[in-house]
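Listed here are the chains, written in short residue letters.
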Amino acid sequence: CHRVALMHEGRILKTGTPAEVREGLGLSRLEVRGPDLPAVETVLSGHQGIADVQRFGDRLDVMVRDVAAGERAVREAMAAAGRRLESVRAGAPTLENAFVSILQSLQGEQHVPPFPGARHEASSPGAIAIGARGLGKSFGAFHAVSDVNLEVRPGEVYGLLGANGAGKTTTIKMLCGLLEPSVGEVELAGERGTLRSEAVRQQVGYMSQRFSLYDDLTIDENLDFFAGVYQVEPARREERKRWVLDFAGLAGRGGQLTGSLPGGWKQRVAFGAAIMHEPRVLFLDEPTSGVDPIARRAFWAMINRLADAGTAVLVTTHYLEEAEQCNRLGFMVGGELVAEGTPSGVKAAQGGRVLEVRVDDSPRAMALLKSEMEHWRVSLFGDRIHVIVDGDSAETRRRLSARLEREGLHVRGITDEDYSLEDVFILIVARNGRAKGTRTAA
């Protein structure tokens, strides 16, 4: 967007360009990497000099008032706890950082109640919770999924990304036993070939892409139904139901018809229903669609707690900043798994550079660049343009600036930027679309 307005309880709190909102936050972001991130997160949370800590897959985002003082605070806290750091790197705050920080200053951090259950037993080395080998599904002559191979281990959060129609939901349905594969083999919760057995079903939780509760039942009735289906022990059902209502922010409202809830609240209840039985394997198909950033943060806090306790989680999402919170990612294009790795790893694997261009007339500049470059290399981000280039970035910046100025476009700046996951997503889809001979719009 050219400008944004942040609203809370009927009032506009802040307006401006995305850059102005981010810069007006008064905070900087440190990307902290190290072994055993859950322990590092615990050490840094609430530490003096640190405003906020959030886990993102293979890193922590640590918000600080001052970069130098914040880095010292991080290193001192880690040294005092006897913990090792791999790296601390400064980065610009995201718009979501700004939104969450402003709301937290008004209403505090959203409470995520501890789940009333026991930790899972440690898994054996090399255990596979979700596995696929040569997995494929055809509907007549149409190949929806082709030759997918993946492994998700206990305690891992794996993100499956792809454009609409890429085959993500079909893949999930095969992996959890809802859809019979045309070819290939699936391993689930340590078993193969018997995915519909009672023993396997009681270890799996599933939250579908479309809302999976019954609108004409009350919240309590829905939770009673799922507790029965998942065979939650009667002695534990009431405390689990109370936990779901507390997590969803609906304590004391169990008698309300589910269909009367706004979409975000429905998603929270559906998520709670999917984990009432402490599954060892959890499938989440776009779980936070329609959920605000504060509630989405609570979702991911709970997902990370489940993973820390040994649950394997496979999640699909269209929020690419959210996908950064996965330990590993797989990218699907045209029914095939075409790239895989950690969030940092898939960015590093792309090569080239991202140039962020700030120019007075962004639409005209973008039209010019797309007329002279492959379309997938140029993307509009509000008042900025991202251009993916190869070779020496300094020389490319000079050539790009001169070309735009010759057309009467005033260039306010061109800077090197790190790949965002959105840049990577567009790049992978475009490259593989061209390789397959398909028509891909960047």
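As the structure is a prediction and not an experimental result, all values here were calculated from the model. (Residues numbered from 1 in each chain as written. Predicted model: local features only at pLDDT ≥ 70, side-chain atom pairs only at ≥ 80, totals over all residues. Heavy atoms only, no water.)

### What to know about the overall build of the protein
This is how it is decided: Segments assigned H or I by DSSP are reported as helices when at least four residues long, segments assigned E as strands when at least two residues long, and all are numbered from the N terminus. Using C-alpha atoms as the atom set, the radius of gyration is obtained and then compared with a globule rule of 2.2 Å times the number of residues to the power 0.38. Relative accessibility under 20% of the residue-type maximum defines a buried residue, over 50% an exposed one, and the middle range a partly exposed one, all with a 1.4 Å probe and only protein chains included.
The secondary structure content of the protein amounts to 15 helices and 20 strands. Since a compact globule built from 442 residues should have a radius of gyration of about 22 Å, the 23 Å found for the protein is in line with a globular shape. Expressed along its principal axes, the backbone C-alpha trace of the protein runs to roughly 75 × 60 × 45 Å. Counting only residues that meet the buried cut, the protein has 51% of its 442 residues in that class.

### Points about a nonpolar patch on the surface
What counts is decided by this rule: In this scheme, patches are assembled from residues that exceed 30% relative accessible area and form no salt bridge. Like charges are connected within 9 Å, while nonpolar side chains (Val, Leu, Ile, Met, Phe, Trp, Tyr) are connected within 5 Å. In this description, accessible areas are obtained by the Shrake-Rupley approach with a 1.4 Å probe, and a residue is regarded as covered only by the protein chains that are shown. Salt bridges are defined by distance alone: a side-chain nitrogen of Lys or Arg within 4 Å of a carboxyl oxygen of Asp or Glu.
The grouping of Y214, F225 and V229 at the surface amounts to a nonpolar patch, some 270 Å² of accessible area in total. Note on placement: V229 falls in helix 7 (residues 219–229).

### A look at the nonpolar core
Inside soluble globular proteins, nonpolar side chains tend to come together where they are buried. Under the convention used in this document: To qualify as a nonpolar core, a set must consist of buried Ala, Val, Leu, Ile, Met, Phe, Trp, Tyr and Cys residues joined through side-chain atoms within 4.5 Å. Note on contacts: a residue pair qualifies if any of its non-hydrogen atoms lie within 4.5 Å across the two residues.
Among the nonpolar cores identified, the biggest contains 58 residues, and V269, F271, M302, F331 and L421 are the most heavily contacted of them. Broken down by element, this core gets its largest block of residues, eight residues, from helix 10 (residues 293–308). Not counting the four nearest positions on each side in its chain, L421 is found in contact with L161, L320, A323, E324, L329, F331, V346 and K347. Judged by nonpolar contacts, the second largest core, of 28 residues, contains A166, L175, V281 and L337.

### Concerning the pattern of salt bridges
In the structure shown here, the tally under the stated rule is 40 salt bridges. We note a salt bridge from R29 to E31, for which the minimum N-O separation is 2.9 Å. Looking at R29, the relative accessible area reads 8%, which means it is buried. E31 gets classed as buried once you look at its relative accessible area, which sits at 10%. Where R399 meets E395, a salt bridge forms, and the shortest distance between an N and an O atom there is 3.9 Å. You can see R399 and its partner E395 sitting in helix 14 (residues 393–406), four residues apart, about one turn around the helix.

### A short note on the confidence of the model for the protein
The criterion, for reference: Per-residue confidence from the prediction method is given by pLDDT, with values spanning 0 to 100.
Here the protein averages 88 in pLDDT, while 95% of its residues score no lower than 70. Note on residues 438–442: pLDDT is under 50 here. Beyond four places in sequence and across chains, it has eight contacts.

### Comments concerning helix 3 (residues 67–80)
Going by this rule: Helix span is expected to be 1.5 Å times the residue number reduced by one. Each direction from the helix axis to a C-beta atom contributes to the arc, which is the arc of those directions.
With 14 residues, helix 3 ought to run about 20 Å at 1.5 Å a step, and its terminal C-alpha atoms sit 20 Å apart, in line with that. Taken as a whole, helix 3 has its buried residues at G70, A73, V74, A77 and M78. Projected down its long axis, helix 3 shows its buried positions confined to an angular sector of 125°, all on one face. Among the exposed residues of helix 3, those pointing more than 90 degrees away from its buried face are E76, A79 and A80. On its buried side, helix 3 packs onto strand 3 (28–33), helix 2 (37–44), strand 5 (59–64) and strand 6 (87–91).

### Brief notes about the side chain of T288
Defined as follows: Counted as a polar contact is a pair of N or O atoms within 3.5 Å, where, for protein atoms, one must be capable of donating a hydrogen and the other of accepting one, and residues adjacent in sequence contribute only when both atoms are in side chains.
Topologically, T288 is positioned in the loop between strand 13 (281–285) and helix 10. A distance of 2.6 Å separates polar atoms of two side chains, one belonging to T288 and the other to E322. Discounting chain neighbours no more than four positions away, the residues touching T288 are Q267, R296, F299, W300, Y319 and E322.

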